[in-house]
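Breakdown of the fold
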Amino acid sequence: IMDVHGNLNVFLSEGAGVHEIIAEMESKGQEVIRDSFGHVKLDSINPGVYFSKRIAEMVGAEKTLVQKSGYFSRAAKSNEFDRTLIGECVKAG
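Residues numbered from 1 in each chain as written. Predicted model: local features only at pLDDT ≥ 70, side-chain atom pairs only at ≥ 80, totals over all residues. Heavy atoms only, no water.

Observations concerning a nonpolar patch on the surface
- Together, Ile1, Leu8, Val10, Met58 and Val59 make up a nonpolar patch on the protein surface, roughly 490 Å² of accessible area in all.
- Residue classification places Val10 among the partly exposed residues on the basis of a relative accessible area of 49%. (Patch = residues over 30% accessible without salt bridge, like charges linked within 9 Å, V, L, I, M, F, W, Y side chains within 5 Å. Areas by Shrake-Rupley, 256 points an atom, 1.4 Å probe, with all protein chains shown as cover. Salt bridge = Lys/Arg side-chain N within 4 Å of Asp/Glu carboxyl O. Buried < 20%, exposed > 50% of the residue type's maximum accessible area, 1.4 Å probe, protein only.)

In structure tokens form, the structure reads like this:
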């Protein structure tokens, strides 16, 4: 993708990969910050940054940009294309 297009966009859902990130952090002896109910504070582990570093290494990207676009992605009702794309992504795993 990088050779052809020169860039790569990855959209990641909130909380994606959290269990893997926590396991890695704990195996390295890093503190996983939790709230008073024992829930992991997502902003403290920042899945977007975690995955951007790993994906950049895999594709040879020199720069990464992580943006939170929750409002944007929920600003409109999903259409048929959105639902089809979501379905295909779910099937792909």
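A closer look at the environment of Glu88
- If you trace the backbone, Glu88 turns up in helix α6 (residues 80-92).
- Looking at Glu88, the relative accessible area reads 47%, which means it is partly exposed.
- As a C-alpha pair, Glu88 and Asp35 span 53 residues in sequence and 35 Å in three-dimensional space. (Helix = DSSP H or I, 4+ residues; strand = E, 2+ residues; numbered from the N terminus.)

What about the environment of Arg54?
- Within the fold, Arg54 resides in helix α4 (residues 47-59).
- Separated by 34 residues in sequence, Arg54 and Glu88 have C-alpha atoms that sit 24 Å apart.

With respect to the nonpolar core
- One finds Val18, Ile21, Ile22, Met25, Val32, Val40, Ile45 and Tyr50 forming the largest nonpolar core, which totals 8 residues.
- Broken down by element, this core gets its largest block of residues, 4 residues, from helix α2 (residues 18-27).
- Dropping the residues within four chain positions of it, Met25 is found in contact with Gln30, Glu31, Val32 and Ile45. (Core = buried A, V, L, I, M, F, W, Y, C linked by side-chain atoms within 4.5 Å. Contact = heavy atoms within 4.5 Å.)

Some thoughts on the confidence of the model for the chain
- Here the chain averages 85 in pLDDT, while 91% of its residues score no lower than 70.
- For the chain, helix α5 (residues 70-73) is the element with the lowest average pLDDT, namely 56, and α2 is the one with the highest, namely 93. (pLDDT = per-residue confidence, 0-100.)

Some thoughts on the pattern of salt bridges
- Overall, the coordinates contain 4 salt bridges when judged by the stated rule.
- Among the salt bridges present, the one from Glu24 reaches Lys28, with a minimum N-O distance of 3.1 Å.
- Note on Lys28: relative accessible area 54%, which makes it exposed.
- The residue Arg83 makes a salt bridge to Glu80 at a minimum N-O spacing of 3.4 Å. Taken together, the positions of Arg83 and Glu80, both in helix α6 and 3 residues apart, correspond to about one turn of that helix.

Digging into α2
- Turning to α2, its buried residues number three or more, namely Val18, Ile21, Ile22 and Met25. Viewed end-on, α2 has its buried residues packed into an arc of 100 degrees, placing them on one side of the element. Exposed residues pointing more than 90 degrees away from the buried face of α2 are listed as His19, Glu20 and Ser27.
- Structurally, α2 contributes buried residues whose contacts are with α3 (42-45) and α4.
- Of the residues one or two after α2, Gly29 is the one with positive phi, at around 75 degrees. (Arc of directions from axis to C-beta.)

Looking at the side chain of Ser52
- By the element assignment, Ser52 lies in helix α4.
- A polar atom in the side chain of Ser52 sits 2.9 Å from the backbone oxygen of Val49.
- Here Ser52 is in contact with Thr64 and Val66, once residues within four sequence places are set aside. (Polar contact = N/O pair within 3.5 Å; in protein donor to acceptor, adjacent residues only side chain to side chain.)

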